[in-house]
Amino acid sequence: MGVVLLGMMLYLLFSHEIHEVNIPASVIESILGIIFTILQMLFMTANYKVSISSSKNICRFGFMHNFGVNIWTWHRYAIAKFNEALVEHSHRLEEREELISSHLIANGIHVADVSNIVDTSVEANASIRAGQEIIVFLEHFGHLAIFLASCFIEYSVIGAAVMYVFWKRV
């Protein structure tokens, strides 16, 4: 599911349908993510009974590197999903603010600054920069992308746990 998710992101990047992101960096990151996901899955399914007799420090470094990449992936996609929820919330607050101001004006009540009633959109928009290409991707493909991102997040957590266990056993 993670490879499909990253492949769909590559499609968007190559088709130039998203313009708000650094395309070369996102392409490289997506390709490396696909390679990492495939290699880790092959390792976890084919080499789960590894016996290490030499270079234990190198193996420990490799397992901790995989653990770190999985935690980073989990964090990045979890924050992007959280930021997407903030964007939705911000849009709802803006709609609510417009509704309140039109209702107050229609009733003859003049409020000098309706934005004091609900003003969180600036903070929400400031915190969205972290995973902007993921948010654009999630918005473009909708529920399918959200499902795939959830699967990828779960895979990252499972991969981190497996790599931690391997690290402790070396």
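Residue numbers restart at each chain and count upward from 1, following the sequence in its written direction. For a predicted model such as this one, the threshold for reporting local features is a pLDDT of at least 70, and the threshold for listing and counting side-chain atom pairs is 80 or more; totals across whole chains, interfaces and linings nevertheless cover every residue. Side-chain figures throughout are based on the complete set of non-hydrogen atoms in the structure, without hydrogens or water.

- Looking up the protein chain in an unreviewed UniProt entry gives the name G protein-coupled receptor, with the organism given as Pristionchus mayeri.
- Annotation of the protein chain in UniProt includes, under Subcellular location (unreviewed entry), the sentence "Cell membrane".
- UniProt positions are given in the numbering used here, feature names are shortened, and annotations may be inferred rather than shown by experiment. Database annotation for the protein chain, UniProt heading Sequence similarities (unreviewed entry): "Belongs to the otopetrin family."

**A closer look at the pattern of salt bridges**
Between side chains of opposite charge, pairing is possible as soon as their charged atoms come close.
No. 1: Salt bridges are counted wherever a side-chain nitrogen of Lys or Arg sits within 4 Å of a carboxyl oxygen of Asp or Glu. Summed over the entire model, instances satisfying the criterion amount to one salt bridge.
No. 2: Note that Arg76 and Glu29 form a salt bridge whose closest N and O atoms lie 2.6 Å from each other. Here Arg76 is found in helix α3 (residues 56-106), whereas its partner Glu29 is found in helix α2 (residues 23-46), with 47 residues between them in sequence.
No. 3: To sort residues, take the accessible area from a 1.4 Å probe on protein chains only and compare it with the maximum for the residue type: under 20% means buried, over 50% means exposed, and anything in between is partly exposed. Arg76 sits in the buried class, given a relative accessible area of 13%. Counting from the N terminus, the helices are DSSP H or I runs at least four residues long and the strands are E runs at least two residues long.

**Notes on the packing of helix α1 (residues 2-14) against helix α6 (residues 143-169)**
No. 1: Fitted lines through C-alpha atoms give the axes, limited to the stretch in contact for helices. The angle between two N-to-C directions lies from 0 to 180 degrees. Where α1 contacts α6, the two axes come as close as 8 Å, and the packing angle between them is 130°. What the angle tells us is that α1 and α6 run oblique. Taken as a pair, α1 and α6 cross one another with a handedness that is left-handed. Side by side, α1 and α6 meet where Gly2, Val4, Leu5, Leu6 and Met8 of the first sit next to Leu144, Ala145, Leu148, Ala149 and Phe152 of the second.
No. 2: Amino acids outside the nonpolar list (Ala, Val, Leu, Ile, Met, Phe, Trp, Tyr, Cys, Pro) and the charged list (Asp, Glu, Lys, Arg) are all regarded as polar, and Gly is one of them. Class assignment of the residues belonging to the contact of α1 with α6 gives a composition of nine nonpolar, one polar and no charged. Note on terminology: angles under 35 degrees are roughly parallel, angles over 145 are roughly antiparallel, angles of 65 to 115 are roughly perpendicular, and the others are oblique. Crossings are sorted by hand: turned counterclockwise from the far helix by less than a right angle, the near helix makes the crossing left-handed, and turned clockwise it makes it right-handed. Two residues qualify as a contact provided that any one of their heavy atoms is within 4.5 Å of a heavy atom in the partner residue.

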